[in-house]
Each structure stands twice: as structure tokens, then as C-alpha cells.
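Coordinate analysis (summary)
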Amino acid sequence: MSERRTILLEVRDVSKHFGGIYALNGASLALESGEVHALIGPNGAGKTTLIHVLSGALTADAGQVIFNGNDLAWRAMHERVALGLARSYQITNLFSRLTVLDNVTMAVQSRVRDWGSSFSFWKPFSLDSAIVDEAQDLLDQVSLTGLAGRRACQLSHGEQRCLEVALVLATKPKLLLLDEPMAGMGPEESVRMVELIENLARRVTMLLVEHDMDAVFRLADRISVLVGGRVIASGAPAAIRADHEVRRAYLGDAQ
Amino acid sequence: MTQLILEQALNGLQFGLMLFLLAAGLTLVFGIMDMINLAHGSLYMVGAYLAAAVTQASGSFMVGIGTAMLVTALLGALLEVSLLRRLYARDHLAQVLATFALILIANEVVRMIWGAQPMLLNAPEALSGPVSLAGFFYPAYRLLLIGVGVLVAGLLYLLVSHTRLGMWVRAGASNREMTEALGVNVRLLFTAVFAAGAALCALAGAMLGPLLAVQVGMGESILILAFVVIVIGGIGSIRGALVGSLMVGLVDTLGRAALPSLLREFLSPEVASSLGPALASILIYVLMAAILFWRPEGLFPARG
Amino acid sequence: MRPTKCLFALATLLLLGTSVHAAEASRTSVKVGFLSTLSGPGAGLGIDIRDGFNLAVKQLNGKLGGLPAEVIVVDDQQKPEVAQQVAEKFMKKDKVDFMTGIVFSNIMLAVGQPVFDNKTFYISANAGPSQYAGEQCNPYFFNVAWQNDNLHEAVGKYVMDKGFKNVVLVAPNYPGGKDAMVGFKRFYKGKVSEEIYTKLGQLDYAAELAQIRSLKPDAVFFFLPGGMGINFVKQFVAAGLSSDTQLFAPGFSADEDVIKAVGAPMLGMFNSSHWAHDMENAENKRFVADFQKEYGRLPSLYASQGYDAAFLIDGAVRDVKGRLDDKEALRKALEAKHFKSVRGDFKFNRNHYPVQNYYLRVIGRDAQGRITNKTMGTVFTNHADAYVAQCKMK
Amino acid sequence: MGLYASSPRRRIAAAMTLVALLALPWLMQSLDQGFYVSLASRVLIFALAATSLNLVIGFGGMISFGHAAFFGAGAYTVAILAESGVVSAALAWPLALAVAALLALLIGAISLRTRGVYFIMITLAFAQMVFYLVVSLKSWGGDDGLLLLRRSTFGSLDLKDDTTFYFVVLATLALVLLALDRLAHSRFGRVIQSIRENETRMEALGYPVFSYKLVCFVIGGALAGLAGALLVNQSGLASPNLLHWMQSGTLMVMIVIGGVGSVFGGVVGAVLLLLCEEFFVEISPHWQIGLGLLLLAVVLWAPLGIAGLFGWGRSRE
């Protein structure tokens, strides 16, 4: 961890309020390329709001977000994805009536830099076998190969979470925003998900929002703590565990 | 000139208030139940026909209006319980199509009962002349319409903002799930709101009958205007419906009256005479598109 | 796959199931396609034309020119595109010999050309657009009523003669309405302070009445057929305008259908017509009496036109002895007009429009206390339309 | 439901229907029932119009209540061009298509900023604007509409002949259906259908959703314009009623009865509705009650339409 890495994402003094309530109040954060960075904090601390601001679903009232050297202000959601920023959803958000394979092919197909845009009206998709092959590969990686023909809505909750990850991976992101990937999972499913994330960590930078502290401390290279819309501490897991202020504001309550 | 503007403004007010009678029911059904009801105009037509038929049979316009409101309210409640209830959970396309089907059915049933020719409904003799109003004549019947419109708007305001029932209705419009959780019998509330909306439709139909014509298809053109009103005002908001109705009524009437002569000031007479009416008739739709562009949820959104 | 086939088989079956005709050389029946406005605000006019036409056929024992008559009645809903579809069906499927019934000029103009191209005779019992009187006059078009301008010309002349100085004109924005204004102004040379065009089918005239009030004319001439006129007169009186302003209208806006709906406010209104129910001639007396017996109401001028249209066909079919395919002979027979009209006499001009008298009527109470039209005098004698010069037909 | 997939079986059925339709004029002529050739042209033109709306609603998931504007725009373009002497189909029809496409681009670019009910209402508002604008412009015939006294000319083809015209219409419809079938299986088709299924997710995957929807809306509008160009040639009148919102409603009824989101849904619906109208109107003037009840029944119990009942709709398990 001592070697100096490049900063992939920098959040500078971002604020966002709804009516009179500040969900984010001058939050700042820096992600180094290649790390798994966990974002923790009590409920209502503004974690999901931050994810929304980063992905472009919400616009910040103040502050700046720099991703890979690009200022993200005014960039639409799809432009951010093209820059290599992808997110998963806290509540499963799939094409529930499409098959599992179609879900993933739609995600693979989205990569303009590899396949060109999808303004192709005549050529049957079935001839784009490279896209289908890649989708099959991704299903392998999340161990859903056998379920390719099922509809997404017929999968179990854990399987749907895995499919969610496959969709995000398919966009080949530089940075992955994972919003509570283990929410609502049973113990066995959680173990599988942790393994999956560990596997991915070698290839992609991640910002992980998660409540499961065991998972967070096992996966994260660094942890930031968000309280009241502000990052109160950032550092290696051990340092965070030891941080006095964090213990008082957050972990103290939990443990 | 001032007299002309005043008279046109009164005309706009009268038109707007009658639109409000239709829009009030529509906006509540739309807001609370998230249901597009194209058949709202058919209730207006049915109300007008009932009023005409009962007035002819009984000889009394008041009896005609009363019966029409009552029967239309019952019909509305019946419709809600038997059919519309099944559509609340469906998508908008299904709602549009099912209620479009109701328009077709209602038109044919009316045609079967009362024939294809317009029906005659005359205002009471006493109201068929003009009254003197600050130096000029204005039709007494149109003044009555303005009075009724103001009265209904006032009553609705009191009902919605000062009674328990009104509180439920407002709560239902802004958050249905929460209202259910508070233990309000939402199904009954829906039926009641729908019946009340139907009664207001009948009132509008009966009141406008002597002025316009009681005929098949009368509901369709006014329905679109009512939709414009509630979209401008914000779906689910009674206040929005009132503001929207008055805006549409005044903009439409004054636009028709003033725009052609206004354009004549800037353009050649030929261009003005062809462009004037064209612009006047699309004015309210331009207004609606502009409002949706700047405020995609209307002026007074009920949901928040 | 099977459902598609089924559907197609069904369609074919339906197509085949409908009536099949064989072309015949000498006719055993006459087919008339009666296309008219029978629903909506203009319905009263179409219904009167139909009832007049049917009454004539009934008096002729269900025959026209001695051949059994088949009259196919269809509603055009006052929509040009509906009328076009019906006309096409009349020509190509029913293969009618004559068409008649259209009320409104815009519908007539939408339907006319294909009908003439198909060499089907059209006997107009109402619509008389200026186009068909002038440059576009056609051997297959006959009008037993009038040219659109005529009744308005008569009012214009009367208003001029009576010395009115400041007139406002109101008419719907369609060919008939434009013809009306042109016709009125052809004989009225005084000041017209405004020409107001309203939407066809408009029912609320609040804005127009306010405008009239501010213009302070001494007379208003309006041409608003059917329900439009009913509403206009009612609202005109309700607005208190009738005390200072004299209303004038062509017979269309002041006929029995309008009087029945409006009642007393119409008393004292002047209007023009080529026919009136109180005209003294044997044909008219029989027509008015039979019409009242059959339908329980006084006939309107529309009814008289429908009635005349049937008799024009009757006379012509009789003259050619049922050889309906000899179009040339049939045309000559129609031009010769082998019947006596209920309006007294008229003859066809070379554009196939009538040359006839026009009268002034006033609305008052008759001997039985009914509100109805009374004939006052003659405005024009043997009056032709203004467009015949442009017609190249011999 | 899910993504549209056509089976070989369905393709064979379509081919057989095509053969039957090719034989129709010959059959009708021999029975001296030329009227039905003309009727068939009309039905096929409406099938084309309904199909264009099905692309927007059924595939794109955009509930447009203003499709009549594009239908009418095509008709009026041809009629206005004919007034000024342009009668060549090779020129007038593509122009009608282009005008409708341009109008759809304009209306779509503004309307697609809104969602749900507001989208339905704003498309309706724009269609009403077009309607009232046309009705008020006297030079475009106002309430009366514009007459097209002569059909367009098309090289050496005599379009005045009902049978020739019928074949031109049939060829156009067949081509459009083929193209739509290809489109449904193309990458673009998959994208718009997925947007219909889950728009937010498509956005999160990096698709410029707005552009895809707009392109789909414009293609739908353009095809409606082509249908309008054909219709004005069939009927000889560009009537303001073509632009009326009831016309939009009727097209919607056709695709819902036929099958929303099925390539042949629009065709099935148009054929069924217009043939019913043609034949039941003679049985009873009140046949629209039956239509209303049928529509209600379809909405309540067969949301996938006739095509869905027979399983020619979207792919199933």
C-alpha cells in the first residue's frame, strides 16, 4: 500500500440537499486506481445519495467530481458509463422479463468502443456471435451458465444479485460502484458474493457500499466513513478500526 | 373597447368555470387512483341527456338538473365498482383503451335511446333574456353559470381543505400507500370521489346544455380541454384545476377575440386574417406544452 | 399459421357473401343512393330532405318512373371522408343509377368529381356550390334547389332596398358560407363593418356576439344552417341585441326546423326563400298536407327540395322508358324537367341550376296561432345565378 | 413477453397470406366486385399506419397519443404538392415521409423529456396543435380538407387503376413488415425493446436512451407519413379528420386488438377493425357497441391482443 498510485476518482466538497435537508454536506473522497474502497456509515449518512451523484442519476448542488481526469459535471449517465464508470443497484434492477442471457447481452452490446453504436437496423443480432460469446463468458464468471435461458424474474434473490454484477461487469468499467451487493442475502449467498468480489478486485477499482462489516473489513483496501453527509475519516481498515472519532460516531454503536 | 374586453373576460370566466366542473372530478380520479379516464366526457354527455329528458318530461329545469346529477353519480359509482377498479393496477395504455371503449359504448347507447339528432334543452324562460350590468347587457343565463361555477369552486375548497373527508382526499392524491396505511377505507373513498366527479360532470352537462347542444360526441371535445386543464394545473390538485380552468378559459376566449386584431397591427391584413384564428385556436395547447416544458409536473403538483 | 389462414378464409367468405349483381341491359328497377347528414348538428336538414324524398316515392307507390325504386339511405356524419367512402360503395358495389341527398357544399365538392367520372347522375337537393355552377359545371350534376348565393342575394337586395346602412355578416368558414357572403354583397352595396367567419359546427357565439355589440350595426345578416343557427338566434336574443339590431337570414336559417327549436324569439325575422309552405298551387298543397299527415310537422324548404328531386328522377326515368344506361337520353330528359315543382315553376339553366323566383318571408303567427313563415312578396323574378357565364357546357 | 422473436412457422403463414392477397384483385374482378379491391387498399393502408404506431408503442414503449399528426402530415404533404403541380409519386411520397419524420423529430425531441401520463398528454397536445393549425389555414382547405383530384403518377404505372394501386400498397406494406421484422431482431430493435422493459437500467448500462427513443419515434412517424401519402391517393381527400385525436385513438385500438409489440399486430388489428366496420355497419347502425365491448374484453382478458391469443406475439416460454 506504500507505493504511490494514481487517483482515479476524486470527490471534492460535494453537497446535495433535498428541501432543507442536507444529504451530502461537503463530502470529499479520493479513490486510487486498483483499490477496493469501502464506504460505510450509519443509515441516512448519504451513501446512496453519493452513489447517485457519481453515476449521474442526481446532480450535485455544489462541489466537483473528477473521474480519470474528466470533470463529470453535466455529463449524462450514459456518457459516464462510456468513460468507464458503472454502478449496480441496491434494489435489484434487471430486465425481469428478458432471459438471463439477453440481460447480459444487452449489457455487453452497450460498449460502443468495441461494437459501435446500436443504431443498426437491418443486420440480425444473431450474427453478432462475439457479443453472445462474451455474455456466456460473463455468465460463467458469476456461475449462472446453467440458467442462461431462464427469465431474470425466475431467479432466486442471490442469483439475481450475481446477474446484477455480471451486467455491471459487461460494461468493462474502470470503476465499479457497488451499492450494497449483499443486501438481503442469506449467509451462503453472501459467501459466494464475497468470493466473486474478491475475484473481481484484481481487475477493477471498486467503491463498495456495504453494511456487512465482516465483508467490508475482509474486502476493502481502504475505508471511508460518511457521517451526516461528510467524510469524517479515510484510511486502511486497521486505521479506521482504531480511529477514535469513527468509533464514537459509528462503530461504537455497532459493536 | 373596455366594455368589449370586460364582456369577453366574463365569457372567458364562464367558459373556464364550466371547464373547472369537469376538471375537478377528473384531476382527483387521475391524482388519487393514477387512472386516465377518457370516459369522463361521456359522463358529461349522459348528464346532459338526462337533464334534457327529465326537463322535457317534468317541465322543470331544476328537477332535470337534480335528477341528472343523482343518476349520473349512481352510474359513475356503478362504473367504478364494476369496471374501473380492475384498471387501477394496469398500465396507462390499458386504461386509455378501456375507457376509449367506454366512449364508443356510451355514444351508441345514447344514440339508441335518444336518437342521432341533438336534443333540445332550453333555459328557463326567466333566464333567456339579458340583464343590465354596469351599463351594458349580458345574458342572464351566462351570469348564472358564472355564479354556479364560483359556488361549486367555493364548496369544493371548503370540502377539501376543511373537512376530514377532504383531508383523506388530499392525502390520497399525494400518497396513496400512506393513506391506506392510516386505515382509511380507500376503496370506498375512490368510489365516493368518482361518484362526486360524475355528479359534477352532469352538472356541467346540464348547465351547458341550453347554451350549446345536447348531442352525441359533445363530451369528446370538452374532455380534451379538461385534460389540458389538469395537466397545466398539476394532476391531483383542485387548486391547480381551478387555476388551469381559468387560464384556459381566458386565454382561449381572449385569444380568439384579440389575436386577429392584434396581428393586424403588425402584419398585412391577409396574413393576419389567416394566421390570427390559427394561432388563437392553438394557443391553449402552446400554453400547455410550454408549461410542461418548464414545469413537467404542472403548476401545482399534488405529489411530492 | 392456421389462424392466419382462418382469418383470411373468413374475410374471403364475408366478401363473397355480400350481394352479387349481374349487369343488365334493360332495367327492372331504379337504384338511388341517398347520402345525407343524418346525425349531429346538421342532422335536421338531412332528415327533412330524406323525408321529402321518401314521401314522393311513397306517393308514387314505391316507384320512380314506373320502375320499382330502391333507395339506399346512408348517413355521412357530416364528414367528407365518410361521404367519399359511401359514394365509392354506391358506385362500385351497389352500382346506383342516381345519387342525391348531400346537404353541405364541402361534402358535395369532396364527392362530386368521382361520381361524375363514373357517369352517375347526381341530383342535388340542397348543396349548390358556385364551382359546379361555373367552370366545373358538369353534365352529370343537376341542382333542383338553388345556387348557394341565390337566397343570400335576395336578402342582400331587400336589405339594400330598405336602406340599412351598417351591416355585420356571420357565416361558417366553408364553401357554402363564403358563397353566402359573396351573394349578399352582390346586391347589398352599403357598409359592411365586419365579416365574421365561424367554425363549421360551432355552438357558442359569445365572442362573436360581443364583437357585434361593440360594432353597433343596424342589421345583422347571418347564414348558419341547422343547429348552429338555432344557437345563434337564441344567444343573440339572450344577449339583448335584438332590441337595436334587425336580424336577416336566408330561408335556411329561418325555416320550420329552426322555428320549432327557437320559438318566440324569432318573431318578426325576415328571410328569403324560393319556396314557402303557404304557396298556392295544387302540387304544394298536396305536398304540405301529405307531409304533415305522414310526419306530424310542417315541411321545411329542405323537405320540398328532397320531394322535387324524387319527382325530377321520376319524370326522367319515365321519359327514357327505363333505359337508364342511355346516359345521353337520360341527361336530356333531366334537362327537360318532366315534372311540376311545388315552388311553382322553374327551368334549368344550361349549368343545370334552376332559374326561378325568390320571395321574402317574415316569421309571424298564423291563423291557428302557430309561429311560422308568411310569404310577403317577390324579390327576384326568374333569377339566374351569377356563375353560369363561366360554364362551358351547352 | 420479452424480446420479439419470430418463428419459421410465422414466416410461412405470412408468405401464404401474401400469396392470397396477391390473388385478391383477380378474384374480385372475376366476381365483378371491384369495390372490394379498393376497400382492400384502404385496409392495407391503415394496416401500415397501425404498424407504424405499433413500432412506437409496442416496441418502443412510448404511449404516443398523437400519431394522427404524422398520418395527416403525410396526406397533406401529398395534397399540397399536388395543388402546386407536383404529382410524381417518386417525389411526393418520399417528401411526405420526410415531412412526417421532421415533424416527429420536433415533437419527439420535446415530448420525450416527459414521462408517463405527461408524455401521453403532451403528444396529444402537439397533435391538437397540428389539427387546429391545419383547420384554421384556409389555403390548406380549412375544415373542408384538400381535394386530390388526380392520383400521383409513378413512372409508367397507372395508379388511377384500382388494381395497380392495390399492388403498390401491398408491396409497400410487405416491404415495411419485412423491414420491421428485421428491425425487431436487430441490435436497434433489441435496444428499444429493452428500454421498454427497463429504461433506468438501460441508462445505467450506458445507452443514450433519449436518442434511441427519438429515432424510434421518428421512424414510426415517418412510416405513418407514408401511410398518409397512400391514403390521400386512395381516398382523394386530405381531411382534417385524419389529424383528429379520435384517429390516434382508432390506431391505438387497432394495435391493441391486433397485438401490441407484435410485428403483425397492427395488420391483424386494422384488418379486423375495418372489415368489422364494413360488414357490421350494414347489420346494425349501432355496431360500435360491439366494438367497444370487444375492446374492453381484449384489454381485460387478452392484453396481448389477437396475435397474443394465437401465440404469434412476443416469444413465450
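Conventions used here
Starting afresh in each chain, residues are numbered from 1 along the sequence in its written order. For this description, chains carry letters from A and ligands carry numbers from 1, given in the order in which they are written. Per-residue local features of the predicted model are confined to residues with pLDDT of at least 70, and side-chain atom pairs are confined, for both listing and counting, to 80 or more; whole-chain, interface and lining totals are unaffected and use all residues. Processing note: side-chain calculations cover all non-hydrogen atoms of the structure and skip hydrogens and water entirely. To count toward a patch, a residue needs a relative accessible area over 30% and no salt bridge; like charges are then connected within 9 Å, while nonpolar side chains (Val, Leu, Ile, Met, Phe, Trp, Tyr) are connected within 5 Å. Per-residue and other accessible areas follow the Shrake-Rupley method at a 1.4 Å probe size, with only the shown protein chains counted as cover for residues. Only one rule defines a salt bridge in this text: a Lys or Arg side-chain nitrogen within 4 Å of an Asp or Glu carboxyl oxygen. Note on conventions: DSSP H or I runs of at least 4 residues are helices, E runs of at least 2 residues are strands, and numbering of each starts at the N terminus. Each residue is placed in one exposure class: buried if its accessible area under a 1.4 Å probe, protein chains only, is under 20% of its type's maximum, exposed if it is over 50%, and partly exposed if it falls in between. If DSSP finds at least two bridges between two strands, the strands pair. By the convention used here, residues are in contact when the closest approach between their heavy atoms is within 4.5 Å. Under the rule applied, a polar contact is a pair of N or O atoms within 3.5 Å (in protein, one hydrogen donor and one hydrogen acceptor; residues adjacent in sequence only if both atoms are side-chain atoms). Each axis is a line fitted through C-alpha atoms, taken for helices only over the stretch in contact, and angles between the N-to-C directions span 0 to 180 degrees. Here the expected length of a helix is defined as 1.5 Å per residue gap, with one fewer gap than residues. Note on aromatic contacts: the rings of Phe and Tyr and the six-membered ring of Trp form a pair at centre separations within 6.5 Å, being stacked when their planes are under 30 degrees apart, edge-to-face when over 60 apart, and tilted otherwise. Note on geometry: a ring has a charge over it if NZ (lysine) or CZ (arginine) is within 6 Å of the ring centre and within 35 degrees of the ring normal. When describing relative orientation, an angle under 35 degrees is termed roughly parallel and one over 145 degrees roughly antiparallel, while 65 to 115 degrees is termed roughly perpendicular and anything else oblique. In a left-handed crossing the near helix is turned counterclockwise from the far helix by less than a right angle, and in a right-handed crossing that turn is clockwise. Only Asp, Glu, Lys and Arg are considered charged, only Ala, Val, Leu, Ile, Met, Phe, Trp, Tyr, Cys and Pro nonpolar, and every remaining residue, Gly among them, polar. Here the limits of each domain have been adopted from an automatic or database domain assignment. Computed with a 1.4 Å rolling probe, the buried area is the accessible surface lost when two parts are put together, summed over both parts. A 1.4 Å probe that fits into a set of points on a 1 Å grid over the protein atoms alone but cannot get out defines a cavity; an open set with protein on both sides within 12 Å along at least five of seven lines defines a pocket, and lining residues are those with an atom within 4 Å of a point. Grid points are joined across faces, edges and corners, and a volume is the space filled by probe spheres set on the points.

Moving on, we get to a nonpolar patch on the surface. Residues and elements named next belong to chain B. A cluster of nonpolar side chains, contributed by Leu262, Phe266, Leu267, Val271, Leu275 and Leu279, occupies part of the molecular surface with about 510 Å² of accessible area. If you list the elements that add at least two residues to the nonpolar patch, you get α10 (238-266) and α11 (269-294). Counting residues per element, the nonpolar patch draws most heavily on α11, at three residues. Relative to the assigned elements, Phe266 resides in helix α10. By relative accessible area, Phe266 is classed as exposed at 66%.

In this section: the pairing of strand β9 (residues 222-227) of chain A. Along any regular strand, the residues point their side chains to alternate faces of the sheet. Residue and element names in this part refer to chain A. Of all the six residues making up β9, five are buried; the element is thus mostly covered by neighbouring parts of the structure. Across four bridges, strand β3 (residues 36-40) lies against β9 in parallel orientation. By the bridge assignment for β9, His37 is matched with Arg222. Bridge analysis of β9 against strand β10 (residues 230-235) gives five bridges, and the strand direction is antiparallel. Across the sheet, Ile223 pairs through a bridge with Gly235, a residue of β10. Count of turn residues in the β9/β10 antiparallel hairpin: two residues, of which Gly228 carries a positive phi of about 55°.

Let us now look at the interface of chain D and chain A. In this assembly, 33 residues from chain D lie in contact with 34 residues from chain A. Our count for the contact surface shared by chain D and chain A stands at three salt bridges. Among the salt bridges present, the one from Arg97 of chain A reaches Glu197 of chain D, with a minimum N-O distance of 2.8 Å. Counting the contacts that link chain D with chain A gives 22 residue pairs in polar contact (both at pLDDT 80 or more). Contributing elements (two or more residues each) for the side of chain D that touches chain A: α6 (162-185), α7 (187-197), α8 (199-204) and α9 (209-235) of chain D. Considering every element that reaches the side of chain D that touches chain A, the biggest residue donor is α7 of chain D, with six residues.

What follows deals with the arrangement of the chains. Nowhere do chain A and chain B come into contact; their C-alpha atoms are at least 11 Å apart. Left apart from each other, chain A and chain C have a closest C-alpha approach of 23 Å.

Okay, the sheet that holds strand β1 (residues 30-36) of chain C next. Residue and element names in this part refer to chain C. Pairing is mixed across the open sheet formed by six strands, whose spatial order is β2-β3-β1-β4-β5-β6. At either end of the open sheet lies a strand with only one pairing partner, and these are β2 (63-64) and β6 (141-143). Note: strand β5 (residues 121-124) against β6, three bridges, orientation parallel. Paired with Ile123 across the bridge in β6 is Phe142. In the packing of helix α2 (residues 43-59) onto the sheet, the strands contacted are β1, β2, β3 (67-75) and β4 (98-100), and the crossing angle to β1 comes to about 160°.

The end-to-end C-alpha distance of helix α5 (residues 116-136) of chain D, which contains 21 residues, comes to 31 Å, matching closely the 30 Å that a straight helix rising 1.5 Å per residue would cover. Among the 21 residues that make up α5 of chain D, 19 are buried, leaving the element largely enclosed by the rest of the structure.

Here the focus is the sheet that holds strand β2 (residues 21-32) of chain A. All names here are of chain A. Judged by pairing direction, the sheet is antiparallel, and its four strands sit side by side in the order β2-β1-β4-β5 without closing on themselves. Every other strand in the sheet has two partners, leaving β2 and β5 (70-71) as the edge strands with one partner each. Bridge count between strand β1 (residues 7-18) and strand β4 (residues 62-67): five bridges; the pairing is antiparallel. From the neighbouring strand, Val11 faces β4, where its bridge partner is Val65. Taken strand by strand, helix α1 (residues 47-55) contacts β1, β2 and β4, and its axis lies near 115° from that of β1.

A complete count under the given rule lists 50 aromatic pairs over all chains for this structure. Plain terms: the ring middles of Phe223 of chain C and Phe252 of chain C are 5.4 Å apart, the flat faces sit at 65° to each other, and that makes the pair edge-to-face. A residue pair is termed long-range when its members are at least 10 positions apart, and Phe223 of chain C in the loop between β9 (219-222) and α9 (227-238) and Phe252 of chain C in the loop between β10 (246-250) and α10 (256-262) qualify at 29 residues. Accessibility classification places Phe223 of chain C together with Phe252 of chain C in one group, the buried group. Judged by centre distance (5.6 Å) and plane angle (65°), the ring pair of Tyr166 of chain D and Phe167 of chain D falls under edge-to-face. The exposure class assigned to Tyr166 of chain D is buried, which follows from its relative accessible area of 0%. One aromatic cluster is present, built from ring pairs that chain together Phe98, Phe121, Tyr140, Phe142, Phe339, Phe346 and Phe348 of chain C. Lying across the ring of Tyr89 of chain A, Arg87 of chain A places its NZ or CZ 4.2 Å from the centre. The ring of Phe165 of chain D carries Arg151 of chain D above its face, with NZ or CZ at 4.4 Å from the centroid.

Here we take up the packing of helix α2 (residues 40-58) of chain B against helix α8 (residues 186-208) of chain B. Residues and elements named next belong to chain B. Contact pair α2 / α8: the axes reach a minimum separation of 7 Å and the direction vectors enclose 55°. Of the possible angle classes, the one that applies to α2 and α8 is oblique. As for how α2 packs across α8, the hand of that crossing is right-handed. In contact with His40, Leu43, Tyr44, Gly47, Ala48 and Ala51 of α2, α8 contributes Phe194, Gly197, Ala198, Cys201, Ala202, Ala204, Gly205, Ala206 and Leu208. Along the lines of polarity and charge, the residues of the contact of α2 with α8 split into eleven nonpolar, four polar and no charged.

Our focus in this paragraph is the domain arrangement of chain C. Residues and elements named next belong to chain C. Domain annotation for chain C reports domain 1 (30-148 + 279-356) and domain 2 (149-274 + 360-383). Relative to domain 2, the C-alpha centre of domain 1 lies at a distance of 26 Å. With 27 residues of domain 1 at the interface, the matching set in domain 2 holds 26 residues. Summing the contributions of domain 1 and of domain 2, the shared interface buries around 2,200 Å²; its carbon and sulfur component is 57%. The three residues of domain 1 that bury the most area against domain 2 are Asn148, Leu301 and Gln356, which together make up 24% of that side's buried surface. Here domain 1 is connected to domain 2 by zero salt bridges. The interface formed by domain 1 and domain 2 contains ten residue pairs in polar contact (both at pLDDT 80 or more). Among the secondary structure elements, those contributing two or more residues to the side of domain 1 that touches domain 2 are α4 (105-117), α12 (301-319) and β13 (354-365).

Residue and element names in this part refer to chain C. Both faces of β9 are covered, namely the face carrying Ala219 and Phe221 and the face carrying Val220 and Phe222. Bridge analysis of strand β7 (residues 166-172) against β9 gives four bridges, and the strand direction is parallel. Paired with Val167 across the strands is Ala219, a residue of β9. One ladder, built from three bridges, connects β9 with β10; its direction is parallel. Looking at the pairing, Ala219 lines up with Gln246 of β10.

So, about the packing of helix α4 (residues 92-114) of chain B against helix α10 (residues 245-258) of chain D. Remark: α4 of chain B packs on α10 of chain D, axes separated minimally by 10 Å, with the N-to-C direction vectors making an angle of 115°. It follows that α4 of chain B is roughly perpendicular to α10 of chain D by the angle criterion. Where α4 of chain B crosses over α10 of chain D, the two elements pack in a sense that is left-handed. Of the residues in α10 of chain D, those touching α4 of chain B at Leu93, Val96, Leu97, Phe100 and Ile103 of chain B are Trp245, Met246, Gly249, Thr250, Met252, Val253 and Val256 of chain D. Looking at side-chain class alone, the contact of α4 of chain B with α10 of chain D contains ten nonpolar, two polar and no charged residues.

As a further point, take empty space enclosed by the protein. With a probe scaled to a water molecule rolled over the atoms, the places where space remains empty come into view. All names here are of chain C. For the coordinates displayed, the defined rule picks out five cavities of 30 Å³ or more. Empty space within the largest cavity amounts to approximately 120 Å³. Val103, Asn126, Trp146, Tyr174 and Phe223 are, among the 15 residues lining the largest cavity, the residues nearest its centre. Across the lining of the largest cavity, the residue classes tally to ten nonpolar, five polar and no charged. Each of domain 1 (30-148 + 279-356) and domain 2 (149-274 + 360-383) gives at least three residues to the lining of the largest cavity.

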